Amino acid sequence: MNLKKLFTLTALSSLFLFQSCIQDEALNAEADILNCLVPDSILKADPQISNDRIIILAKKSTNVTKLAPEFDLTPGATISPASGTVRNFTTPQVYTVVSEDKNWSKEYLVTFNRFELPLEYNFEHAKLVTVGKKSYYEIYEYLDGSELNIWASGNPAFSTLAADRPANEYPTSITDDGKEGKGLKLQTLSTGDLGAMVNMPIAAGNLFLGTFNSMIAMQKPLEATQFGLPIESQPTYLEGYYKFTAGKVFTNGAGDVVPNKKDIADIYAVFYESTPAEPTLDGANILTSSNIISIARIENPGEPSDYTFFSIPFKVKPGKTVDANKLKNNQYNLAVVFSSSRDGAYFSGAVGSTLYVDQVKVITK
Amino acid sequence: MKTKLYITTILMLVFTVLSATIQAQEDRNKGVIISALNGLHYSIKAGFNVGGTSPLPLPAEIRELKGYNPTVAISIEGNVTKLFNPKWGMTVGLRLENKGMKTDANVKNYRMEMLADDGGEMKGYWTGNVETKVRNTYLSIPILANYQISKRWEIKAGPYFSYLIDGEFSGSAYDGYIRDEVPTGEKIEVSHAYYNFSSELQKFQYGAQVGTSWKAFSHLSVYADLTWGINSVFDKDFTAVTFGIYPIYANLGFAYIF
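Criteria and thresholds
Residues numbered from 1 in each chain as written. Chains lettered and ligands numbered in written order. Predicted model: local features only at pLDDT ≥ 70, side-chain atom pairs only at ≥ 80, totals over all residues. Heavy atoms only, no water. Pairing = 2+ DSSP bridges. Helix = DSSP H or I, 4+ residues; strand = E, 2+ residues; numbered from the N terminus. Axes fitted to C-alpha atoms, helices over the stretch in contact; angles between N-to-C directions. Domains from an automatic or database assignment. Contact = heavy atoms within 4.5 Å. Buried area = accessible area lost by both parts, 1.4 Å probe. Salt bridge = Lys/Arg side-chain N within 4 Å of Asp/Glu carboxyl O. Polar contact = N/O pair within 3.5 Å; in protein donor to acceptor, adjacent residues only side chain to side chain. Nonpolar A, V, L, I, M, F, W, Y, C, P; charged D, E, K, R; others polar. pLDDT = per-residue confidence, 0-100. Phe/Tyr/Trp six-rings, centres within 6.5 Å; stacked < 30°, edge-to-face > 60°. Buried < 20%, exposed > 50% of the residue type's maximum accessible area, 1.4 Å probe, protein only. Lys NZ or Arg CZ within 6 Å of the ring centre and 35° of its normal.

A. Structural context of the sheet that holds strand β9 (residues 125–131) of chain A. All names here are of chain A. Here we have 3 strands laid out as an open sheet, ordered β9-β10-β11, and antiparallel in their pairing. Every interior strand has two partners, whereas the edge strands, β9 and β11 (146–148), have only one. Adjacent strand axes in the sheet meet at a mean angle of 50 degrees when their direction is disregarded. Taken together, the 7 bridges between β9 and strand β10 (residues 134–143) define a ladder with antiparallel strand orientation. Looking at β10, one finds that L128 is bridged to Y137.

Below is the structure:
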């Protein structure tokens, strides 16, 4: 027996020894709603399931007083009220999921939204989301007494990397320095050592109509930003106020300095058809998909130091028309996107770039 | 006649050289023999370490060990044994050794914490794979009680004390997800995140050692020792790994007895 054989034998027998020390699997500690089932006939789009919230965009005609959504859960977890319980969703309803090991529980707020997409945004409402010691702003709209969570940002991903800091030092926050009342403040920030470790050296402040999928934010950051919500009329103009200061040093996705490059803010809106193959556009195709009907974008926003009015037309792509039936059937989406660094999705930009936005309006036909 | 003289001269020369060699050997052995008469015996040992720097018992969070490599971890030791009577003695040694391994494990809901120098932190529960590489070099002093079972068999047991000369504890978490802060927190998929806890390794390490040796020849024996670390390899205030991690190694090799 040569030394190498002896070595392999020892290694194998040790592995066996260790393997025999493996204990029985602990019960699941997670308490997730993995899937939410409601009749397809009432849906405008697939239910949006996030970590502690489910938003169901329902058709206007839906009777929400007697609905019995069903849920798929983490194996072994339980939910109360039970899956399939008939409840009145005139107001959002809370469900509590308890993990298999009974040590962890999570409350989900389930909302049926029957509203038409609001088209005026004044950025007056934000609440603090707290995870552990960290808190960040989540911006929402307020309509007829209910909160509408139509806005999403990359704040949840930033919070997992950043050191402790106040909520107004997150990329996306609300500010008292609005055009009128409060306003939206987006800033490009460094993600620090941990961010560099995962090749995401900066985070641009962003806010968009749609959802942010934190789960894939580190692996597929472009796909994590799911842009757009159903709209029932054709947009013609995007209007509002903004001001912008570019950060001093521009860096690329690798974190290297790009000399003499100026950061540019981004304000745009995309009106697109939601097809079964491509129901939602994301960071990878929001400006290039063949589903796009029209785009409104400030090409050269410059660096206005005071709030400056903008009114940009939606430019219809050649050969594209809008089908009235499809509009009625919620087959078109609108994405409105703000970012403090135009190439922020690729982690290029200048730390310190700051964009303020307020009093935004989408004009429709 | 001439030839006879020649042969005699050669024989005498050979004898002189031979006797000189024997003389030198006797001088050297004299020390050993005098020592032996005083109950002191010297030996040198050379071997390799096979084992793990691992939580103990393996926590339920570890679901599968997909790979294990003991790496080439060598030890050399010089020691002296004082015999109090034919059966009992005491051994004190000085050992330079590597304790290392590479593992690839699958874990579920493994509590971890990562703290960057700039204050950035990532805390939560990891489900996925963890690769670990340990390579620590220690200067160790074993102090062992010694018992002669038979002419050839001997057993030893006692404490050892180690000083870390150089250490590495690094690896990566890959193909899995972390739940932010708590198992019900935001789920974030991660393809690869590297870690290096080398600077958090404890300088002093102590533990228990038990072993046996078998005298194959009058000067050569084979031995097997087990060293079991009692304090964790990490500092007490180190929180990234929530289990105590202990070095548990078998040391196998040969000893030359003077």
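B. Spotlight on the domain arrangement of chain A. Residues and elements named next belong to chain A. According to the domain assignment, chain A contains domain 1 (29–114) and domain 2 (115–364). Here the C-alpha centroids of domain 1 and domain 2 sit 27 Å apart. The interface is formed by 10 residues belonging to domain 1 together with 11 residues belonging to domain 2. In total, domain 1 and domain 2 occlude about 940 Å² of area from one another, counting both sides; carbon and sulfur atoms represent 49% of this. In this structure, the connection of domain 1 to domain 2 is made through 3 salt bridges. Close ionic contact of E232 with K44 constitutes a salt bridge, the shortest N to O distance being 3.2 Å. Remark: the boundary between domain 1 and domain 2 carries 4 residue pairs in polar contact (both at pLDDT 80 or more). The leading source of residues in the side of domain 1 that touches domain 2 is strand β3 (residues 53–57), at 3 residues. Along the lines of polarity and charge, the residues of the side of domain 1 that touches domain 2 split into 3 nonpolar, 2 polar and 5 charged.

C. Region of the structure containing the confidence of the model for chain B. Residues and elements named next belong to chain B. For chain B, the mean per-residue pLDDT works out to 85, and 87% of the residues sit at or above 70. Per-element confidence in chain B is highest for strand β8 (residues 204–215), whose mean pLDDT is 95, and lowest for helix α1 (residues 2–37), whose mean pLDDT is 54. The low-confidence segment residues 13–18, where pLDDT is below 50, has 0 contacts with residues more than four positions distant or belonging to other chains.

D. Structural view of the packing of aromatic side chains. Taken as a whole and judged by the stated rule, the model has 23 aromatic pairs over all chains. Centre to centre, the rings of Y256 of chain B and F258 of chain B are 5.2 Å apart; their planes meet at 80 degrees, and the pair counts as edge-to-face. On the basis of relative accessibility, which here comes to 35%, the residue F258 of chain B falls in the partly exposed class. Ring pairing ties together the aromatic residues F169, Y195, F197, F234 and F238 of chain B, which thus form one cluster. Sitting over the ring of Y95 of chain A, R87 of chain A keeps its end group 4.5 Å from the ring centre. Stacked on the ring of Y138 of chain B, the Lys or Arg K99 of chain B has its end atom at 5.6 Å from the ring centre.

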